[in-house]
Every structure is written in C-alpha cells, then in structure tokens.
Amino acid sequence: MSELNLILLGPPGAGKGTQADKLKDDFGLPYIGTGDLLRKHKEEETDLGREAKSYMDNGDLVPDDLIISMILHKVEDEGDDGFLLDGFPRTVGQADALSEELDKLGRRLTAALSIDAPDEVVLQRLSGRRQCSNGHLYHVEFDPPKHPDVCDQDGKPLVRRKDDEPDTVKKRLATYHKATEPLKDYYDERGLLRRFDGTRDKTEVHDHIRATLATLRLEERL
Ligand code: AP5
Ligand code: MG
C-alpha cells in the first residue's frame, strides 16, 4: 500500500482536529498536531512554550523558525510510513520547508486536505468548543459530552481554550486569511489541493475525505 503523507488546511474551527481524530485511526497514521504540541510546551513551560505563549494567546502565528524545526523533527522521528499534519504548514515559508524536507527524503505529499468554513460558523463553533487535556473535542450544542464538562473518553475535566475568546478568534481568523489561506492556491497549483465543505455534518465530512483518499490511492495504483 502506498504511504499517505497528508496535511490538513482550514480556518480555526473548521473541524481539522475533529476529522484528524477519525482519519488517524482509519489509516493508522501518526498524528502531528502543531497546536496540541505547542499547548503541551506551554503547559510544561519549556523554552519554546514560554516563547510561543504570547503569540498564541494573541491569535498570532508563532514565528516560522520556532515551528519549522519542531515539526520537521517530528516528521523525521514518527512519520516514516506516512503522516497526518494538522496546523502545519501555515505560511508559504513553512510549506517550502516541508517540500524541501520531503524532496531530501525522496518522498512527496499525497494531498492537502482543505476543510472550509465561513467566519460566522467558526465563531459559533469556537464559542461552544470544550476539550480535555488529551485533546478530545466536544461542542456544548453540536457534540455535547454525556455529562457536562466531563470527557466521555477519559473522565478528565473539559475546559475552554484560552484563545477561543471571541476577540481572539477574530484575530485568528484575520491571521488565517492573510497568512494561511494563500496556501490553497499554493497546493492547487501543484495539483495537491482537495476541498471539503466543513459546514456539513462531521460524519459527512469524514465520509467525503475517506472517499477522496480511497480514489487517490486507486489512481496511484493504475
Ligand atoms: P491550532 O490548535 O491548530 O488552532 P486552529 O488552527 O486555530 O484550529 P482549531 O484547533 O481552533 O480548530 P479545528 O479546525 O481543529 O476545529 P475543531 O475540530 O476543534 O493552533 C493554535 C495556535 O497555535 C495558533 O493560533 C498559532 O498561534 C499556533 N500555531 C499552530 N500551528 C502553527 C504554525 N504552523 N505556525 C505558527 N503558529 C502555529 O472543531 C471546532 C469545534 O467545532 C469543536 O467544538 C467541534 O466539536 C465542532 N465541530 C467540528 N466539526 C463540526 C461539524 N462538522 N459540525 C458541527 N460542529 C463541528
Ligand atoms: Mg485543532
């Protein structure tokens, strides 16, 4: 079976983490979530976590030089047989760095999966998002836990992310449109972009992505 080297693109709240959680199990891929990794660094108060904190809390991107080496090491360490990257790349500089690294390793990206959602949907979703410290995701209205504020999967308390305050979400959206959205054209020009409507039910989005990946694999075998 050919390896799957995938990236997930899309605005905050489009459902990248929600879909990644399913896709990593479907395809047995190591999940490399930049936001989760950075939040762990913040929690553990590492040098990187201390540096990243103010950018993240303000809804800005953490500078490329801090992110690129962190993620490329992860890809080298864990991504030998494929990977699912969520939240990287987010700038053209990061995309070029990933492409150079894969060229060096004689590998290539399978697809950039872009999940789209308009700003008003994002604002509604992120105001109701809750998650546990293991990253399991819920929404108070669209995907509530069985018991309020307790994770169904591990019993941990559910909390609201600090950067989900509406003003910070607006800033994250502006950052997305300016720095990350141009990557859709970047990957389209390279024939790698696949687009999904993130406003659909999460099961429908999942089915659509799975079907697209199955077709891509078939085409590779022809
Ligand atoms: P990160 O953690 O990656 O945040 P993000 O990209 O803003 O995306 P989110 O995690 O907020 O949204 P999501 O698309 O995963 O949606 P989710 O599945 O949770 O990054 C955080 C910060 O780290 C950045 O702002 C930046 O500072 C820094 N950073 C990260 N990567 C970086 C990089 N490469 N370079 C520089 N800085 C970087 O879903 C959202 C909610 O909606 C949930 O409640 C869910 O239950 C619900 N939901 C999901 N799908 C559906 C559906 N189909 N229908 C209804 N509800 C749904
Ligand atoms: Mg996420």
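Our subject is the structure listed above.
Residues numbered from 1 in each chain as written. Chains lettered and ligands numbered in written order. Predicted model: local features only at pLDDT ≥ 70, side-chain atom pairs only at ≥ 80, totals over all residues. Heavy atoms only, no water.

(A) Representation of the packing of helix H6 (residues 119-127) against helix H7 (residues 166-180). Across the interface, H6 lies against H7 with an axial gap of 10 Å and an inter-helix angle of 140°. One element, H6, and the other, H7, form an angle in the oblique class. Two packed elements cross with a definite hand, and for H6 against H7 that hand is right-handed. Touching Asp-119, Val-122, Leu-123 and Leu-126 of H6 are Pro-166, Val-169, Lys-170, Arg-172, Leu-173 and His-177, all from H7. (Axes fitted to C-alpha atoms, helices over the stretch in contact; angles between N-to-C directions. Helix = DSSP H or I, 4+ residues; strand = E, 2+ residues; numbered from the N terminus. Parallel < 35°, antiparallel > 145°, perpendicular 65-115°, else oblique. Left-handed = near helix turned anticlockwise from the far one by under 90°. Contact = heavy atoms within 4.5 Å.)

(B) Representation of the pairing of strand E4 (residues 111-116) in the model. Burial runs high along E4: six of the six residues are buried. Bridge count for strand E1 (residues 4-9) against E4 is four bridges, and the pairing is parallel. Bridged to Ile-7 within E4 is Ala-112. (Buried < 20%, exposed > 50% of the residue type's maximum accessible area, 1.4 Å probe, protein only. Pairing = 2+ DSSP bridges.)

(C) Structural detail: the site of ligand 1. In the neighbourhood of ligand 1, 35 residues make up the surrounding shell, with Thr-18, Asp-60, Arg-90, Arg-129 and Arg-172 lying closest. In this structure, Gly-87 approaches ligand 1 through a main-chain N or O atom, which is 2.7 Å from a nitrogen atom. At 2.8 Å from a nitrogen atom of ligand 1 is found a main-chain nitrogen or oxygen belonging to Arg-200. In the complex, 95% of the free accessible area of ligand 1, which totals 1,100 Å², lies under the protein chains. For the shell around ligand 1, the secondary structure elements donating two or more residues are helix H1 (16-27), helix H2 (34-43), H6 and strand E6 (137-139). In terms of residues, the shell around ligand 1 owes the most to one element, H2, which gives four residues. Classifying every residue of the shell around ligand 1 by side-chain character gives 13 nonpolar, ten polar and twelve charged. (Near = heavy atom within 4 Å. Polar contact = N/O pair within 3.5 Å; in protein donor to acceptor, adjacent residues only side chain to side chain. Areas by Shrake-Rupley, 256 points an atom, 1.4 Å probe, with all protein chains shown as cover. Nonpolar A, V, L, I, M, F, W, Y, C, P; charged D, E, K, R; others polar.)

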